[in-house]
Each structure stands twice: as structure tokens, then as C-alpha cells.
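Breakdown of the fold
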Amino acid sequence: MELVEDTLTADLEAFLRRPLFCFLAQTSDEGPRVSPLWFRWEDGAVWNVARLGGRSYPERVERSPRTALAVVDFEPAVGRVEHVGIRGTARLEPFDRALADRLFAEYLGDHPADWPAMFLELDAEDYRLIRVDPETVVARDQSYPAPAAPPGRDG
């Protein structure tokens, strides 16, 4: 993995262990696609749980493994904008319940008994893991001075 740029004030490994979304970018016959996913950084790779039925991104991984993903930590009230962009190769791996549980624990807590049933009742036949092996990484801190008052949105 080549670290092309790193201006993060946080350690890259620590940043990638935060419970954030990654945005998996892929090509398709219909044009570019982006999938927001939970992820786990482990063993120098990004891991995602992929449901096979009703989701198109696992098929795109198989057809075109070259991929990019972005992880962004954005907190407007404090002016934090941290970004890690990864380009690399993705592949489907067999479902590994232990790895999936470690990933889910990052987002749902350490006690599976408290998780919604949908995360406990995964059939390994219907799921795979996506492994993204980074080739190049750009890590940027693009934070700005915190505003006097948090920005609001009319909605």
C-alpha cells in the first residue's frame, strides 16, 4: 500500500477503526455507482458484509474488481473534515461469521444480544465478505475553524 499523501492529524490506522461509512465506488454498464457501507479495517484491508440477493454491488465486484472507496468524518459543529481515499482491488470472500461480528460490533456495540435480529440471523449462503486491498491511499485533514454557531438547515 502506497501512502500518497497524509495530512491527517489522527493516525491513519486509528481513523480507519472509527465507525464511519465507506463509500464504495464502482463502474457498471449503466455508469458509475456508489454504495455507502459499514466497514472494518483489519489485516491491511477494508472489509464489508455483502448480501447477495437484491444488491448489485457484489456482482460489480466480481465483474470489475478495480475500485475506489472514500471514508469521511465530517462534523460541521467543530469544523472537522477528514477524508481517506483508497484505490485498490476488491474481491468476494466466503462469509466469515467471526469477522462479520467484529464489523457489526463497531456499529452496534459489543453485546450481540442487544443487536437487531437481522444481524444475528445471516445465512452464510446468502452473504459474502468484500475485501478491498489498498494499492494507493490519500489521507487528508481538510478541517476548518469551528463556526460560532452550528450551521442549520431549512427543511
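Structure: above.
Attention in this report is confined to the structure presented alongside it. (Residues numbered from 1 in each chain as written. Predicted model: local features only at pLDDT ≥ 70, side-chain atom pairs only at ≥ 80, totals over all residues. Heavy atoms only, no water.)

Notes on the overall build of the protein chain
Check the secondary structure of the protein chain and you find 3 helices and 8 strands. Its helices and strands in sequence order give the protein chain the pattern β-α-β-β-β-β-α-β-β-α-β, from N to C terminus. Each principal axis of the C-alpha atoms in the protein chain carries an extent, and together these give about 50 × 35 × 35 Å. Counting the 155 residues in the protein chain, one finds 39% classified as buried. For the protein chain, contacts bridging at least 24 residues in sequence account for 72% of all contacts bridging at least 6. The averaged location of the 28 negative side-chain charges in the protein chain is 3 Å from the averaged location of its 18 positive side-chain charges. (Helix = DSSP H or I, 4+ residues; strand = E, 2+ residues; numbered from the N terminus. Buried < 20%, exposed > 50% of the residue type's maximum accessible area, 1.4 Å probe, protein only. Contact = heavy atoms within 4.5 Å. Lys, Arg positive; Asp, Glu negative; His and termini not counted. Charge placed at Lys NZ, Arg CZ, Asp CG, Glu CD.)

Some points on the packing of aromatic side chains
Within the structure shown, the criterion is met by 6 aromatic pairs. On the numbers, 5.5 Å between centres and 15° between planes, the contact of Trp 38 with Phe 119 is stacked. You can see Trp 38 sitting in strand S3 (residues 33-38) and its partner Phe 119 sitting in the loop between helix H3 (97-108) and strand S8 (127-141), a full 81 residues away along the chain. Trp 38 gets classed as partly exposed once you look at its relative accessible area, which sits at 24%. (Phe/Tyr/Trp six-rings, centres within 6.5 Å; stacked < 30°, edge-to-face > 60°.)

Remarks on the pattern of salt bridges
If you walk through the whole model with that rule in mind, you get 13 salt bridges. Arg 40 is the partner of Glu 42 in a salt bridge, and the nearest nitrogen-oxygen pair spans 2.5 Å. Each member of the pair, Glu 42 together with Arg 40, is buried. Residues Asp 133 and Arg 91 are paired through a salt bridge, measuring 2.7 Å at the closest nitrogen-oxygen approach. Remark: Arg 91 occurs in strand S7 (residues 80-94) and Asp 133 occurs in strand S8; sequence separation between them is 42 residues. A relative accessible area of 38% places Arg 91 in the partly exposed class. The network of salt bridges with shared partners includes Arg 18, Asp 73, Arg 80 and Glu 82. (Salt bridge = Lys/Arg side-chain N within 4 Å of Asp/Glu carboxyl O.)

Focus: the environment of Arg 140
Tracing the backbone shows Arg 140 in strand S8. Arg 140 sits in the partly exposed class, given a relative accessible area of 30%. Along the primary structure Arg 140 and Glu 82 are separated by 58 residues, whereas in three dimensions their C-alpha atoms are 5.8 Å apart. Leaving out residues up to four positions away in the same chain, Arg 140 has contacts with Glu 5, Thr 7, Leu 8, Val 81, Glu 82 and His 83. At 3.1 Å, the side chain of Arg 140 and the side chain of Glu 5 are in polar contact. (Polar contact = N/O pair within 3.5 Å; in protein donor to acceptor, adjacent residues only side chain to side chain.)

Some details on the pairing of S7
Sheet topology places strand S6 (residues 66-75) next to S7; 10 bridges connect them, and they run antiparallel. Along S7, the bridge assignment pairs Val 72 with His 83. Hairpin connection, S6 to S7: the antiparallel pair is bridged by 4 residues, and Gly 79 has positive phi, about 80°. Across 13 bridges, S7 lies against S8 in antiparallel orientation. Its bridge partner lying in S8, Ile 86 is registered against Val 137. (Pairing = 2+ DSSP bridges.)

A few points about unusual backbone geometry
Here Asp 43, not a glycine, exhibits a phi torsion of approximately 55°, which is positive. As for its placement among the helices and strands, Asp 43 is situated in the loop between strand S4 (40-42) and strand S5 (45-51). Taking relative accessible area as the criterion, Asp 43 reaches 64% and is therefore assigned exposed.

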